[in-house]
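# Secondary and tertiary structure notes
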Amino acid sequence: MPDVILPDLFDFNSCLTDDERQVRDTVARWVDDRVLPIIGECFEKERFPMDLVPEMAEMGLFGPTFADYGCAGLNNVCYGLIMQELERGDSGVRSFASVQSGLCMYPIHAYGSPEQKQRWLPEMARGRKIGCFGLTEPDGGSDPGTMKTRAVKKGGDWVINGAKMWITNGSLADVAVVWAATDDGIRGFLVEKGMPGYTTRDIPHKFSLRASITSELFFDNVKVPDSNRLPRAEGLGAPLSCLTQARYGIAWGGVGAAMACYRECLEFAKQRVLFGTTLDRKQMIQVRLADMVRQITAAQFLCLQLGRLKDAGTMHHSQVSLAKWHCVRMGLDVARDARDLLGAGGISIECCPIRHALNLESVITYEGTETIHQLIVGREITGHGAF
Ligand code: TGC
Ligand code: FAD
């Protein structure tokens, strides 16, 4: 690592392979050099740092687990460590990579035709084409099975009407993976920028994820050729399987955000002199720092085991729900406490915890709210759906 971010009390490093450490350290250095110096200003000005996209592509951060179409062919633990490091920079940067990889490249790879894969995946891996994922609608996101956006078959085309809301990268995207109800159930469509009747509008005045673009998508009789339908995506399980990919990375991301907050608190506590000595000598400050390390360390090992299960092909989506719930809640708790530990300075954009805490208010809601993940785990252990 560039320098030690977390005391490695349980020798987490020894549980990683050389390749995994190398991937993590490469991304960590890049985040330190390229993201941290600019991200406060991006957050303040509501700007996504688009100039970083080619560099992320160059490092192989888009679709990193695919071994074809110009992708890096890394394992899922590497993918998780990438997400951890990106979110140590900012949740918005991690969101960009999550959406591109888990929510757009994944469905094209898993459910697309050979032509769709060939057309989109190499360009998306290079960061030359950007994707977004339209599932949530204005009337509610937690129950996507009741979506109102409809696609009706007319000859060789589909005609889509409806709207999607809160869509990351919406207005940036060259291609939107859009989920719509049809007479045969839910299907996925690749809606391209510029198709007549397809428009987007950015959502302004967010107090969270300000370094990320969030948009509404509108479909007014958008004619989409059948060749743009994902041929192997049938039913709600298809979009939910994409969420499993992104939620996996978000769990690791929560660890990264918490690491950044802890690190800033430790540095502050070492130099802040109050009541005759530095804060790091005060019992209550030590308890709070130790508690952050306790929470981060436990979450890190949860993520690692989840990654090993994913690499072994035995991971279940309810395990991902537990990890997303646990790690994002942990990150938010750490960020809020870190904000307080920094005193008044903690409300300034100069300090990262307030930015991470505000970002994590979105992260705890998107990709399934905390309640939805609790209910998914509840269903798994009782056998009763209580949604
Ligand atoms: P349910 O009966 O549970 O499931 C329908 C079918 O899907 C299967 N399934 C899954 N498959 C893969 N992965 C998962 N996570 C899956 N969850 C369920 C399931 O086995 C079933 O298959 P089959 O063959 O039996 O039909 O469906 P339900 O209608 O009861 O819904 C359950 C519920 C509430 C858990 C689901 O609707 C849900 O997860 N809701 C939350 C919606 C959500 O998370 N939306 C996120 C939108 S995208 C986003 O927020 C991007 S933010 C990105 C960023 O910026 O980083
Ligand atoms: P609702 O579903 O209306 O829920 C409202 C409240 O009710 C919540 O507290 C919820 O936990 C609770 N609730 C829901 N069901 C139950 C129940 N059965 N029992 C008890 N309580 C319940 N979506 C996309 O499709 N693509 C994206 O790229 C995307 N990016 C996003 C980016 C940001 C910054 C944000 C904030 C959201 C994004 N979303 C995206 C949307 C996100 O997935 C939804 O906000 C989320 O799924 C919740 O939906 P909702 O906001 O409509 O809340």
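Not measured: the values here are computed from a predicted model.

## What to know about the overall build of the protein
When its secondary structure is counted, the protein shows 10 helices and nine strands. Here the C-alpha atoms of the protein give a radius of gyration of 21 Å, agreeing with the 21 Å that 2.2 N^0.38 yields for 387 residues. Considered along the principal axes of its C-alpha atoms, the protein spans approximately 80 × 45 × 40 Å. Looking at the protein as a whole, 55% of its 387 residues qualify as buried. Put simply, of all contacts in the protein between residues at least 6 apart along the chain, 75% involve residues at least 24 apart. When the accessible area of the protein is evaluated, it comes to approximately 16,300 Å², of which 53% is carbon and sulfur surface.

## With respect to the layout of surface pockets
What the largest pocket holds in volume is close to 1,100 Å³. Around the largest pocket sit 45 residues that line it, and Thr-136, Gly-141, Tyr-366, Glu-367 and Gly-368 are the ones nearest its centre. Of all elements in the fold, only helix H4 (91–111), strand E3 (157–168), helix H6 (237–271), helix H9 (352–363) and helix H10 (370–382) reach the threshold of two or more residues within the lining of the largest pocket. For the lining of the largest pocket, the element with the most residues is H6, which contributes seven residues. In terms of residue class, the lining of the largest pocket is made up of 19 nonpolar, 18 polar and eight charged. The space that makes up the second largest pocket amounts to roughly 420 Å³. Around the second largest pocket, the lining is made up of 18 residues, and of these Leu-36, Glu-264, Glu-350, Cys-352 and Arg-355 lie nearest the centre. Every element with two or more residues in the lining of the second largest pocket is listed here: helix H1 (18–45), H6 and H9. With five residues, H1 is the largest single contributor of residues to the lining of the second largest pocket. Tallied by class, residues from the lining of the second largest pocket come to seven nonpolar, two polar and nine charged.

## Comments concerning the site of ligand 1
Around ligand 1 lies a shell of 26 residues, among which Thr-168, Thr-244, Arg-247, Glu-367 and Gly-368 are the nearest. Arg-94 places a side-chain nitrogen or oxygen 3.2 Å from an oxygen atom of ligand 1. Between an oxygen atom of ligand 1 and a side-chain N or O atom of Tyr-366, the distance comes to 3.2 Å. Spatially, ligand 1 is embedded in the largest pocket. Element by element, the count of residues in the shell around ligand 1 is highest for H6, at six residues. Broken down by class, the residue content of the shell around ligand 1 amounts to 11 nonpolar, 11 polar and four charged.

## Things to note about the domain arrangement of the protein
Segmenting the protein into domains produces domain 1 (2–125), domain 2 (131–234) and domain 3 (238–382). Here the C-alpha centre of domain 3 lies 18 Å away from the C-alpha centre of domain 1. Contact residues are listed per partner, giving 35 residues for domain 1 and 38 residues for domain 3. For the pair domain 1 and domain 3, the summed buried surface comes to about 3,200 Å²; carbon and sulfur atoms form 65% of the total. In this structure, the connection of domain 1 to domain 3 is made through two salt bridges. A salt bridge links Asp-90 to Arg-355; the shortest N-O distance between them is 2.6 Å. The tally of links from domain 1 across to domain 3 stands at 13 residue pairs in polar contact (both at pLDDT 80 or more). When residues of the side of domain 1 that touches domain 3 are assigned to their parent elements, the largest contribution, 10 residues, is made by helix H3 (residues 76–89).

About the criteria used
- Residues numbered from 1 in each chain as written.
- Chains lettered and ligands numbered in written order.
- Predicted model: local features only at pLDDT ≥ 70, side-chain atom pairs only at ≥ 80, totals over all residues.
- Heavy atoms only, no water.
- Helix = DSSP H or I, 4+ residues; strand = E, 2+ residues; numbered from the N terminus.
- Rg over C-alpha atoms; globule rule 2.2 N^0.38 Å.
- Buried < 20%, exposed > 50% of the residue type's maximum accessible area, 1.4 Å probe, protein only.
- Contact = heavy atoms within 4.5 Å.
- Areas by Shrake-Rupley, 256 points an atom, 1.4 Å probe, with all protein chains shown as cover.
- 1 Å grid on protein atoms, 1.4 Å probe; cavity = no way out; pocket = protein on both sides within 12 Å on 5 of 7 lines; lining within 4 Å.
- Points joined across faces, edges and corners; volume = space filled by probe spheres on them.
- Nonpolar A, V, L, I, M, F, W, Y, C, P; charged D, E, K, R; others polar.
- Near = heavy atom within 4 Å.
- Polar contact = N/O pair within 3.5 Å; in protein donor to acceptor, adjacent residues only side chain to side chain.
- Sits in = over half its atoms within 2 Å of the grid points.
- Domains from an automatic or database assignment.
- Buried area = accessible area lost by both parts, 1.4 Å probe.
- Salt bridge = Lys/Arg side-chain N within 4 Å of Asp/Glu carboxyl O.

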